[in-house]
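# Commentary on secondary and tertiary structure
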Amino acid sequence: GAGVSQSPSNKVTEKGKDVELRCDPISGHTALYWYRQSLGQGLEFLIYFQGNSAPDKSGLPSDRFSAERTGGSVSTLTIQRTQQEDSAVYLCASSRGGQDPYGYTFGSGTRLTVV
Amino acid sequence: LAKTTQPISMDSYEGQEVNITCSHNNIATNDYITWYQQFPSQGPRFIIQGYKTKVTNEVASLFIPADRKSSTLSLPRVSLSDTAVYYCLVGGMDSSYKLIFGSGTRLLVRP
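Parameters at a glance
Residues numbered from 1 in each chain as written. Chains lettered and ligands numbered in written order. Predicted model: local features only at pLDDT ≥ 70, side-chain atom pairs only at ≥ 80, totals over all residues. Heavy atoms only, no water. Helix = DSSP H or I, 4+ residues; strand = E, 2+ residues; numbered from the N terminus. Buried < 20%, exposed > 50% of the residue type's maximum accessible area, 1.4 Å probe, protein only. Pairing = 2+ DSSP bridges. 1 Å grid on protein atoms, 1.4 Å probe; cavity = no way out; pocket = protein on both sides within 12 Å on 5 of 7 lines; lining within 4 Å. Points joined across faces, edges and corners; volume = space filled by probe spheres on them. Nonpolar A, V, L, I, M, F, W, Y, C, P; charged D, E, K, R; others polar. Core = buried A, V, L, I, M, F, W, Y, C linked by side-chain atoms within 4.5 Å. Contact = heavy atoms within 4.5 Å. Polar contact = N/O pair within 3.5 Å; in protein donor to acceptor, adjacent residues only side chain to side chain.

## Points about the environment of S53(A)
Here S53(A) is to be found in strand β6 (residues 53-56). Along the sequence, S53(A) and Y104(A) sit 51 residues apart, while their C-alpha atoms lie 18 Å from each other.

## Re the pairing of strand β3 (residues 31-38) of chain B
Residue and element names in this part refer to chain B. Counting buried positions over the 8 residues of β3 gives 7, a clear majority of the element. Where β3 lies against strand β4 (residues 45-50), 5 bridges are found, and the strand directions are antiparallel. Each residue of the ladder has a partner; that of Q37, found in β4, is R45. Taking the residues between adjacent antiparallel strands as the criterion, β3 and β4 are bridged by 6 residues, where S41 takes a positive phi near 65 degrees.

## Quick notes on the layout of surface pockets
Each pocket or cavity is described by its volume, and for the largest pocket that value is around 590 Å³. Residue lining of the largest pocket: 31 residues in total, with Q37(A), R111(A), Q38(B), P40(B) and S41(B) positioned closest to the centre. Mapped onto the lining of the largest pocket, the elements with two or more residues apiece are β9 (88-95) and β11 (110-114) of chain A together with β8 (84-92) and β9 (105-110) of chain B. Among the elements that take part in the lining of the largest pocket, β11(A) stands out by supplying 4 residues, more than any other. Along the lines of polarity and charge, the residues of the lining of the largest pocket split into 11 nonpolar, 18 polar and 2 charged. Size it by volume and the second largest pocket reaches roughly 170 Å³. What lines the second largest pocket is a set of 14 residues, among which T4(B), T5(B), F101(B), G102(B) and S103(B) lie closest to the centre. Residues that form the lining of the second largest pocket fall into these classes: 7 nonpolar, 6 polar and 1 charged.

## Some details on the nonpolar core
Judged by nonpolar contacts, the single largest core of 20 residues is most densely connected at I33(B), W35(B), I47(B), L73(B), L75(B) and Y86(B). Going through the elements one at a time, β2 (18-23), β3, β4, β6 (61-64), β7 (70-75), β8 and β9 of chain B are the ones with two or more residues in this core. With 4 residues, β8(B) is the largest single contributor of residues to this core. I33(B) has contacts with H24(B), I27(B), I48(B), Q49(B), G50(B), L62(B), I64(B), R68(B), S71(B), C88(B), L89(B) and V90(B), leaving out every residue within four places of it along the chain. L60(A), A88(A), Y90(A) and V114(A) belong to the second largest nonpolar core, which has 19 residues in total.

## With respect to the side chain of T34(B)
All names here are of chain B. Assignment of secondary structure puts T34 in strand β3. A distance of 3.0 Å separates polar atoms of two side chains, one belonging to T34 and the other to Q49. Residue contacts for T34: discarding those within four places in its chain leaves F46, I48, Q49, Y87, C88 and L89.

Here it is, written out as structure tokens:
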């Protein structure tokens, strides 16, 4: 597609429920990244994919967080047993990988609210 | 990855030139300098990237002195729509995948 698409744009869930967040990167972009942004804060790196592999999962906050990518395209971030501190905007970005002169292209994010 | 320091906030008026300076004293030889812009409720948007000297595109200019320990993003003749948070990042060819975002500079453009 023309840009990075994320769905849903907003998600309200009850504490303890599982949620899945989806990211559709730009076609042909081999690298995909997930970030989290709490209200008024900077972006926190979560995980990076190169193709379908995730060489760096160091940013995932706990084992309740997992992510996968299939077909070198769509990625899903899953949060199990959601907690109130998981409330944030989850941003996905993609790039050509390596030193892409055009940087990352970000989606508009999924705003997750855990009540 | 080199840590960056930039002002928390800046105010300006429409039509003025705005310069935002970022310090990155520990920048490595293979690190590039990249700036992103973020509007409320949107993901960051790539503005400009450079390695040394001066880079200019249709949106901004990036000035990098010879020692590369700082960089300045220059926005010519800002408008109200330039009100946003601006992030300075450094990263190299092998580490650019893990861009580390600081708190950024919140620019407010007044009429």
